[in-house]
Amino acid sequence: MSIWIDVCDKDEIDEEDVIRFDHDGKSYAVYRSPEDSFHATDGHCTHENVHLADGLVMDDIIECPKHNGRFNYKTGQAKGAPVCVNLKTYAVKVDGGRVFIQVG
Amino acid sequence: MGDRGMVIVGAGEAGVRAAFALRERGYQGTVTLIGDEPHLPYERPPLSKAGEEAETVRAIVANERFAEAGITFLRGQRAISLDPARHALLLEAGETLSYERLLLATGAAPRQFPGIATSDRIHVLRTVEDASAIRRQMREDGRLAILGGGFIGLELAAMGRKLGTAITLFEAQPRVLMRGVPEKLALALQARHVAEGVELLCGVGIETIADGESGVAIGFADGRQIKADALVVGIGAEPNTRLAAEAGLAIDNGIAVDRHLATSDPHIFAAGDCCSFPVAAYGGRRVRLESWRNAQEQGSVAAANMLGEAAPFDAVPWFWSDQYDLTLQVAGLSDGATSTVGRTLSPEAEILFHLDADGRLLAASGLGRGGAVARDIRLAEMLIARGTCPDRAALADPSVKLKSLL
Ligand SMILES: Cc1cc2nc3c(=O)[nH]c(=O)nc-3n(C[C@H](O)[C@H](O)[C@H](O)COP(=O)(O)OP(=O)(O)OC[C@H]3O[C@@H](n4cnc5c(N)ncnc54)[C@H](O)[C@@H]3O)c2cc1C
Ligand code: FES
């Protein structure tokens, strides 16, 4: 069963940026793209256990703060060395100015 | 191209990246990767960082990826001589390989203290074997001496303290990290080591090192003596240039390559810790770096050029170091800087920007917990690559997004 979890107000995430969101013992990274769409992935890099929320968002890419591994945060795809395992992504919706992610 | 195939000597970060990059670029001929270590290629940075024991050997790629990509990986084999005129490489086992293009990615070897050999108690750190030998000396009731306040020495000190080992670290210079790290951040790191209980002695000259059954005795110029169960020598590394030098390739603090990473023989390239190269962003100044990302990026550019492209290597130097919960990141080269602007992100996270007389950003160094400085350092790297002269007030103000200066 999947449920929608309320993350934050839409304006709490800057354009082309990312925030950390923790829920039920798990950590997520929630993104706002330059085109104003919202996305969510697992919070930690698949290379080492480092949180992506300190990373840099450029277009569709989140770059890990630790060793600059790159992922497409819309698809979760790992974009090459040192990261080779994709990120899990989660559905996101915006409702009444609030951002929700679908977990479970 | 493709009759004689591509051969890569050295299965470290640079060599492995190059092998896969050749395939990613669609190369169909044979790719042979030769590595003299008995292991699957592994990452070196974790060897000096306090992780779980199991974490200290992290493979760069899974074994099956070589077969999938059609890369012949000759594990545990050493290349012993090279004949550029015949495009031939001789392996220790007796086999001769010919190549269309050759990449030398032989890395570097730790410098030893003059006159002192490694033993059960005296170590250097480069390989997984070195790392496990040092780990065995990190006991709760033990004392480890570390010679050299460079990255490896400091990271090992942090690892030792985490495991409860008493650490004495000596550095001949007046402070740690004299090369490449600004004084303010180096002193902050020093203070943290002292707070963690590291006995730190800077500006001391070593006279004697005596290795005996019961431990190592280190004698200083001022007559003091220190005893420890073991000693790690962390005084830098020398590029592995023998193969290249004996083949007559140009050497200049490493295998000398041009901006396309070609050696003095146009069919032979070099990448990673073993080579020195001109850095475009700094007027073509020749440097040799020992940096993980540099090795990967050079591996990838070398692969492109082995396939006939003319891709210049123009990445801005970048490296990081982890000590305790602190991460240091440096982008660029600060030599030639005439002024510094500080940006305080939090009481525990600070960035220093180094500018030249024209206000051009040359380098940025940051120290903070976890990923605190990462984003700004990455953006600084982009500003450096573009040759920007950013507004000093904007650099100093943490509420101004560096992205807006791009
Ligand atoms: C303990 C440690 C910690 C580090 N931490 C960091 C860090 O935190 N941040 C950072 O940016 N960098 C770090 N580095 C540096 C980084 O690991 C190196 O820059 C990187 O490994 C260089 O890659 P390379 O492929 O050039 O050389 P290497 O990784 O050294 O690989 C070269 C390989 O070639 C083999 N070889 C040499 N000659 C021959 C031959 N004739 N035939 C066959 N094989 C041969 C060698 O045995 C070796 O396996 C660290 C290095 C060490 C040792
Ligand atoms: S931890 Fe993310 S790239 Fe290494």
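Residues numbered from 1 in each chain as written. Chains lettered and ligands numbered in written order. Predicted model: local features only at pLDDT ≥ 70, side-chain atom pairs only at ≥ 80, totals over all residues. Heavy atoms only, no water.

1. Here's the deal with the overall build of chain B
Turning to step 1, where the next piece is worked out: Across its full length, chain B carries nine helices and 26 strands.
Turning to step 2, where the next piece is worked out: With the C-alpha coordinates aligned to their principal axes, the bounding extent of chain B is approximately 60 × 60 × 35 Å.
Turning to step 3, where the next piece is worked out: Out of the 406 residues belonging to chain B, those deemed buried represent 56%.
Turning to step 4, where the next piece is worked out: Of the contacts formed within chain B by residues at least 6 apart in sequence, a portion of 59% connects residues at least 24 apart.
Turning to step 5, where the next piece is worked out: Accessible surface, chain B: about 16600 Å² in total, of which carbon and sulfur atoms supply 49%.
Turning to step 6, where the next piece is worked out: Across chain B, the mean location of the 42 positive side-chain charges is 3 Å away from that of the 51 negative side-chain charges. (Helix = DSSP H or I, 4+ residues; strand = E, 2+ residues; numbered from the N terminus. Buried < 20%, exposed > 50% of the residue type's maximum accessible area, 1.4 Å probe, protein only. Contact = heavy atoms within 4.5 Å. Areas by Shrake-Rupley, 256 points an atom, 1.4 Å probe, with all protein chains shown as cover. Lys, Arg positive; Asp, Glu negative; His and termini not counted. Charge placed at Lys NZ, Arg CZ, Asp CG, Glu CD.)

2. Looking at the sheet that holds strand β8 (residues 89-90) of chain A
Residues and elements named next belong to chain A.
Turning to step 1, where the next piece is worked out: Overall, antiparallel pairing links the four strands, which are arranged β2-β3-β4-β8 in an open sheet. Among the strands making up the open sheet, the edge pair consists of β2 (17-23) and β8.
Turning to step 2, where the next piece is worked out: Where strand β4 (residues 38-42) meets β8, two bridges bridge the pair, whose relative direction is antiparallel. Bridge pairing in β8 links T41 to T89. (Pairing = 2+ DSSP bridges.)

3. Comments concerning unusual backbone geometry
Trans is the prevailing form of peptide bonds, just as negative phi is the prevailing case for residues other than glycine.
All names here are of chain A.
Turning to step 1, where the next piece is worked out: In this structure, D59 takes a positive phi of about 50° despite not being glycine.
Turning to step 2, where the next piece is worked out: Relative to the helices and strands, D59 resides in the loop between β5 (56-58) and β6 (61-63).
Turning to step 3, where the next piece is worked out: Residue D59 is classed as partly exposed on the basis of its relative accessible area, which comes to 49%.

4. Here we look at the domain arrangement of chain B
Residues and elements named next belong to chain B.
Turning to step 1, where the next piece is worked out: On domain assignment, one finds that chain B holds domain 1 (6-109 + 237-306), domain 2 (112-233) and domain 3 (325-400).
Turning to step 2, where the next piece is worked out: The C-alpha-based centres of domain 2 and domain 3 are spaced at 30 Å.
Turning to step 3, where the next piece is worked out: Interface area for domain 2 against domain 3, summed over the two sides, is near 810 Å², with a carbon-plus-sulfur share of 76%.
Turning to step 4, where the next piece is worked out: At the junction of domain 2 with domain 3, the criterion picks out two salt bridges.
Turning to step 5, where the next piece is worked out: R192 serves as the salt-bridge partner of D325, at 3.0 Å between the closest nitrogen and oxygen.
Turning to step 6, where the next piece is worked out: Across the contact surface, domain 2 and domain 3 share two residue pairs in polar contact (both at pLDDT 80 or more).
Turning to step 7, where the next piece is worked out: Examining the composition of the side of domain 2 that touches domain 3, we find that five residues originate from one element, helix α5 (residues 183-195), more than from any other. (Domains from an automatic or database assignment. Buried area = accessible area lost by both parts, 1.4 Å probe. Salt bridge = Lys/Arg side-chain N within 4 Å of Asp/Glu carboxyl O. Polar contact = N/O pair within 3.5 Å; in protein donor to acceptor, adjacent residues only side chain to side chain.)

5. A closer look at the nonpolar core
Residues and elements named next belong to chain B.
Turning to step 1, where the next piece is worked out: Residues L82, L89, L102, L103, L104, F277 and F353 are the most contacted members of the largest nonpolar core, which totals 85 residues.
Turning to step 2, where the next piece is worked out: Counting the residues that make up this core, at least three belong to each of domain 1 (6-109 + 237-306) and domain 3 (325-400).
Turning to step 3, where the next piece is worked out: Those residues within four positions of F277 in sequence are excluded, and the remaining contacts are V257, L261, R285, R286, V287, L289, N294, Q298 and F313.
Turning to step 4, where the next piece is worked out: Membership of the second largest hydrophobic core comes to 30 residues, among which are I167, V176, L185 and V232. (Core = buried A, V, L, I, M, F, W, Y, C linked by side-chain atoms within 4.5 Å.)

6. Section: the site of ligand 1
Residues and elements named next belong to chain B.
Turning to step 1, where the next piece is worked out: Surrounding ligand 1, one finds 32 residues, the nearest of these being D36, E37, K49, R126 and D273.
Turning to step 2, where the next piece is worked out: R126 places a polar side-chain atom, nitrogen or oxygen, 2.7 Å from an oxygen atom of ligand 1.
Turning to step 3, where the next piece is worked out: The protein chains hide 93% of the 1000 Å² of surface that ligand 1 would expose on its own.
Turning to step 4, where the next piece is worked out: Only α1 (13-24), β2 (31-35), α4 (151-162), α7 (292-306) and β22 (318-323) provide two or more residues apiece to the shell around ligand 1.
Turning to step 5, where the next piece is worked out: Viewed by domain, the shell around ligand 1 spans two of them, domain 1 (6-109 + 237-306) and domain 2 (112-233), each represented by three or more residues. (Near = heavy atom within 4 Å.)

7. Some thoughts on the side chain of S27(A)
Turning to step 1, where the next piece is worked out: Tracing the backbone shows S27(A) in strand β3 (residues 26-32).
Turning to step 2, where the next piece is worked out: A polar contact is formed between the side chain of S27(A) and the side chain of R20(A), at a distance of 3.4 Å.

8. Some details on the pairing of β3(A)
In summary, the side chains of a regular strand alternate between the two faces of the sheet.
Residue and element names in this part refer to chain A.
Turning to step 1, where the next piece is worked out: In terms of residue burial, β3 counts as a mostly covered element, since six of its seven residues are buried.
Turning to step 2, where the next piece is worked out: Pairing of β2 with β3, which is carried by seven bridges, proceeds in the antiparallel orientation. Paired with I19 across the strands is V30, a residue of β3.
Turning to step 3, where the next piece is worked out: Of the strand pairs in this sheet, β3 and β4 are connected by five bridges, and their pairing is antiparallel. Bridging across to β4, A29 finds its partner in T41.
Turning to step 4, where the next piece is worked out: In this structure, the hairpin formed by β3 and β4 is closed by a connection of five residues, where D36 is found at a positive phi of approximately 70°.

9. A few points about the packing of aromatic side chains
Two aromatic rings are characterised by how far apart their centres lie and by the angle between their planes.
Turning to step 1, where the next piece is worked out: Inspection of every chain in the model, using the stated rule, returns 10 aromatic pairs over all chains.
Turning to step 2, where the next piece is worked out: A centroid spacing of 5.0 Å and a plane angle of 85° characterise the contact between Y28(A) and Y90(A), whose relative ring orientation is edge-to-face. Of this pair, Y28(A) sits in strand β3 while Y90(A) sits in strand β8; the two residues are 62 residues apart in sequence, bridging distant segments of the chain.
Turning to step 3, where the next piece is worked out: Considering the side-chain rings of F66(B) and F73(B), the 4.9 Å spacing of their centres and the 20° angle between planes classify their relative orientation as stacked.
Turning to step 4, where the next piece is worked out: You can call F73(B) buried: its relative accessible area is 16%.
Turning to step 5, where the next piece is worked out: Clustering of aromatic rings is evident, with ring pairs tying together F21(A), Y28(A) and Y90(A).
Turning to step 6, where the next piece is worked out: The residue whose ring lies beneath K93(A) is F100(A), and the NZ or CZ to ring-centre distance is 5.6 Å. (Phe/Tyr/Trp six-rings, centres within 6.5 Å; stacked < 30°, edge-to-face > 60°. Lys NZ or Arg CZ within 6 Å of the ring centre and 35° of its normal.)

10. Observations regarding the interface of chain B and chain A
Turning to step 1, where the next piece is worked out: At the junction of the two partners, chain B supplies 21 residues and chain A supplies 20 residues.
Turning to step 2, where the next piece is worked out: When the two sides are added together, the surface that chain B and chain A hide from each other amounts to roughly 1600 Å², 47% of it contributed by carbon and sulfur.
Turning to step 3, where the next piece is worked out: For chain B, the biggest contributors to the area lost against chain A are R375(B), R378(B) and K403(B); these three give 35% of the whole.
Turning to step 4, where the next piece is worked out: In this assembly, chain B and chain A are joined by seven salt bridges.
Turning to step 5, where the next piece is worked out: Where E63(A) meets R378(B), a salt bridge forms, and the shortest distance between an N and an O atom there is 2.4 Å.
Turning to step 6, where the next piece is worked out: For the interface between chain B and chain A, the tally reads 14 residue pairs in polar contact (both at pLDDT 80 or more).
Turning to step 7, where the next piece is worked out: Secondary structure elements with two or more residues in the side of chain B that touches chain A: α7, β22, β23 (326-332) and α8 (374-385) of chain B.
Turning to step 8, where the next piece is worked out: With five residues, the top contributor of residues to the side of chain B that touches chain A is α8(B).
Turning to step 9, where the next piece is worked out: Across the side of chain B that touches chain A, the residue classes break down as eight nonpolar, four polar and nine charged. (Nonpolar A, V, L, I, M, F, W, Y, C, P; charged D, E, K, R; others polar.)

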